[in-house]
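# Report on the structure
Listed below are the residues making up each chain.
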Amino acid sequence: MISKNVYLLIIFLFSFSTYSYSLDLPELKLNNRQKNTLSLKNLTKGYDYNKKSLNTYADRNFLSKSILNDGYKLDKNSRDLSAYFSNKLNTKSKKDYQPWDSKKRFWAGASEIALLEFIPFAFSAYLKDWTGSTEKNWTKISFKTMWHNINNGWFYDGDNFLTNFFAHPYHGNLFFNAGRTNGYNFYESSLFAMSGSAIWEHFMETWEPAFNDWILTSMNGINLGEITYRLSTLVTDNQLRGSDRVWTEIFGAIINPVRGVNRLLTGETYRIFPNPSWRNPKHIQITLSGGARRINKTNTEEFANGIEEGLFQLKVNYGDFINTDYKTPFSSFNFYFDFSTGDPHLTQVQGYGHLYGIHLTKNKKHAMSLIESMNYDFFNNPGFVFGAASLVTNYINAWKVMKDGYLILNVNGRIMPMAATPNDYFAGPEGRNYDFGPGVGGGLSFGLKDGRWDIFNITYNTGWLWTQSDPAESKHHLHFANLQLQYPLKDYFAIGVDLGTYWRNSYYVNYDDVNFETPVVKLFFKTAIL
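All values derive from a computational prediction rather than experimental measurement.

### With respect to the overall build of the protein
- A tally of regular secondary structure across the protein gives 13 helices and 12 strands.
- Per-residue burial over the protein gives 47% buried out of 530 residues.
- With the model as given, the accessible surface of the protein reaches about 27,400 Å², and the carbon-plus-sulfur share is 62%.

Structure below.
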């Protein structure tokens, strides 16, 4: 006679064994009535082979009452024990679970803003050795410095290009996600980025608030913040288990640290619940390319004087600018991230996301749209430097010329609340050797896109920048022309060449004008991840 405790242990092991990666049903000794009960229809309703879900199994009574009562005579205590463990395991997968970011949580977002202000300040104030530093210790804040900053308005700071056009936008991206991951929509989260930047500029530095920092941290932070929010959501899958879940959560947290921390603190890192409906867009392409680039470091006509470096690029086409939902900001965007073997290593970051748009014409053969987008540009290479936060109006025509092929024309005009380009005569003590100021510009591009490949694309962009930073007696006219060709070798592999030239006409009041030109040539191999 088996004791009651041993019998309960057997029942527990039976219940737990259902959480496996396969269920070998043919080995069950079932009579005809049981086989009919365990029909294919019940099987597909009760158990999801793809997810291997014990929770679904328990919720829908995969083993029907007729089988339990006829084939497996369980006493009341055994059934209670089985139900107990099923319910305990099932608490993380109830369909009525409301995700953390489905509700606005102001105090959680405000607390994260406070931490995001304090952490970089604390690192600089307490971990950095200021002894012998030529840089002013800007961390010696007090109520006096705060009141001074409030009353003395804005200026343009002297930080180097990487700090102003990458570090500040990245900080703004964290501010933005303090709102976005706590239930606020795109526009509401934009206020988090603007407020977080304003607080930092006025209260967390002894320097007077920098107008360029506020614009770049806010605008480019919003751009980068929504992109990282969507990419992190794409990477993580709330239905996964095991090592796959662990790795996707790690990658998602690397892309978006604020979202990663919130998921960990709220238990969503390991909770099983439905993914958001917008998580996986209908059109998405992710490519990696590697190759070599030759670029002139100095203003010379001889291209042989250029330098060579290895170049690697991650490119994401998220959504479809032609067929997208124009009412949802950044439901379509392009993102570029380039890394060079030369110096500087971080050589290009760009994010183009639509804010709003309308279809002027749309049918099977032709689509014409008017789209307002927010653009983030960061170019930092031996040949030229350019950075901007822009609002761009795009007029797009797309003609379908083959099954998955479109000829696409884009004519655009842009307003740049803040942009930067080199100053040939100025070098500040903190590393700034470029001019700040607002600008306007425009451009056009025309190309053939076949599926995931840009078979050819020709682009010309131009812009005017008026210097507002010290020294303020200059203006710049910028140009960039580019031709890119790609030849697909396989469905997921292509080779290509990129030919471009950049030139700048800079006009100074007290110095000679400068005309600077540098060609750029890239050869690359490209592979498609998605």
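Moving on, there is more to tell.
### Section: the pairing of strand 1 (residues 284-295)
- Here strand 1 runs beside strand 2 (residues 307-318); their pairing, made up of 12 bridges, is antiparallel. Bridge pairing in strand 2 links Ser289 to Gln313.
- Bridge count between strand 1 and strand 12 (residues 514-528): nine bridges; the pairing is antiparallel. Bridge assignment links Gly291 to a residue of strand 12, and that residue is Phe524.

### Points about the layout of surface pockets
- What the second largest pocket holds in volume is close to 730 Å³.
- Glu135, Trp138, Asp159, Thr163 and Glu205 are, among the 31 residues lining the second largest pocket, the residues nearest its centre.
- Those elements that provide at least two residues to the lining of the second largest pocket are helix 7 (106-127), helix 9 (161-180) and helix 10 (186-203).
- Per-element tally for the lining of the second largest pocket: the top contributor is helix 9, with six residues.
- A class-by-class count of the residues in the lining of the second largest pocket yields 12 nonpolar, eight polar and 11 charged.

### Focus: empty space enclosed by the protein
- Under the criterion given, the structure shown has two cavities of 30 Å³ or more.
- Estimated volume of the largest cavity: approximately 60 Å³.
- Together, Gln285, Ile286, Thr287, Lys315, Asn317, Arg452, Trp453, Asp454, Gln486 and Lys526 line the largest cavity.
- Looking at the lining of the largest cavity, the element that brings in the most residues is strand 1, giving three residues.
- Residues of the lining of the largest cavity, tallied by class, amount to two nonpolar, four polar and four charged.

### Topic: unusual backbone geometry
- Each neighbour pair has its own omega, and for Asp343 with Pro344 the value is 5°, a cis peptide bond.
- With respect to the helices, strands and loops of the structure, Pro344 is situated in the loop between strand 3 (333-340) and strand 4 (346-362).
- Going from Asp470 to Pro471, the amide bond is cis rather than trans, its omega being -5°.
- At Phe330, a residue that is not glycine, the phi angle is positive and equals roughly 65°.
- Topologically, Phe330 is positioned in the loop between strand 2 and strand 3.
- Note on Phe330: relative accessible area 0%, which makes it buried.

### Side note on the pairing of strand 7 (residues 405-422)
- As judged from the 13 bridges shared by strand 6 (residues 385-400) and strand 7, these two strands associate in the antiparallel manner. Within the sheet, the bridge partner assigned to Tyr395 lies in strand 7 and is Val411.
- Between strand 6 and strand 7, which pair antiparallel one after the other, the connecting turn spans four residues.
- In this structure, strand 7 lies alongside strand 8 (residues 434-450), joined through 16 bridges in antiparallel fashion. Across the sheet, Ala419 pairs through a bridge with Gly437, a residue of strand 8.

### Re the side chain of Asn334
- Inspection of the secondary structure puts Asn334 in strand 3.
- The contact partners of Asn334, leaving out residues within four places of it in the chain, are Val316, Asn317, Phe321, Gln350, Gly351 and Tyr352.

### Quick notes on a nonpolar patch on the surface
- A cluster of nonpolar side chains, namely Tyr356, Ile358, Leu360, Leu370, Tyr395, Val411 and Leu444, defines an oily patch on the protein surface of about 590 Å² accessible area.
- Mapped onto the elements of the fold, Val411 is located in strand 7.
- The partly exposed category is assigned to Val411, whose relative accessible area is 37%.

### Side note on the confidence of the model for the protein
- On average, residues of the protein score 85 in pLDDT, and 81% of them are at 70 or above.
- In this model, residues 1-30 is a region of pLDDT below 50 whose contacts with residues beyond four sequence positions or in other chains number 33 contacts.

### Things to note about the pattern of salt bridges
- With the rule as written, the count across this model stands at 15 salt bridges.
- Where Arg293 meets Glu309, a salt bridge forms, and the shortest distance between an N and an O atom there is 2.4 Å. One end of the pair, Arg293, is in strand 1; the other, Glu309, is in strand 2, and 16 residues separate them in sequence. Assigned by exposure class, Arg293 and Glu309 land together as buried.
- Of the charged contacts in the structure, one is a salt bridge between Asp498 and Lys522, with a shortest N-O distance of 3.7 Å. Linking Asp498 in strand 11 (residues 493-508) with Lys522 in strand 12, this pair joins segments that are 24 residues apart in sequence.
- Taking relative accessible area as the criterion, Asp498 reaches 7% and is therefore assigned buried.
- Judged by relative accessible area, Lys522 falls into the buried class, the value being 16%.
- Overlapping salt bridges, with partners in common, bring together Arg245, Glu249, Arg263 and Glu268 in one network.

Reading guide: rules and limits
Residues numbered from 1 in each chain as written. Predicted model: local features only at pLDDT ≥ 70, side-chain atom pairs only at ≥ 80, totals over all residues. Heavy atoms only, no water. Helix = DSSP H or I, 4+ residues; strand = E, 2+ residues; numbered from the N terminus. Buried < 20%, exposed > 50% of the residue type's maximum accessible area, 1.4 Å probe, protein only. Areas by Shrake-Rupley, 256 points an atom, 1.4 Å probe, with all protein chains shown as cover. Pairing = 2+ DSSP bridges. 1 Å grid on protein atoms, 1.4 Å probe; cavity = no way out; pocket = protein on both sides within 12 Å on 5 of 7 lines; lining within 4 Å. Points joined across faces, edges and corners; volume = space filled by probe spheres on them. Nonpolar A, V, L, I, M, F, W, Y, C, P; charged D, E, K, R; others polar. Contact = heavy atoms within 4.5 Å. Patch = residues over 30% accessible without salt bridge, like charges linked within 9 Å, V, L, I, M, F, W, Y side chains within 5 Å. Salt bridge = Lys/Arg side-chain N within 4 Å of Asp/Glu carboxyl O. pLDDT = per-residue confidence, 0-100.

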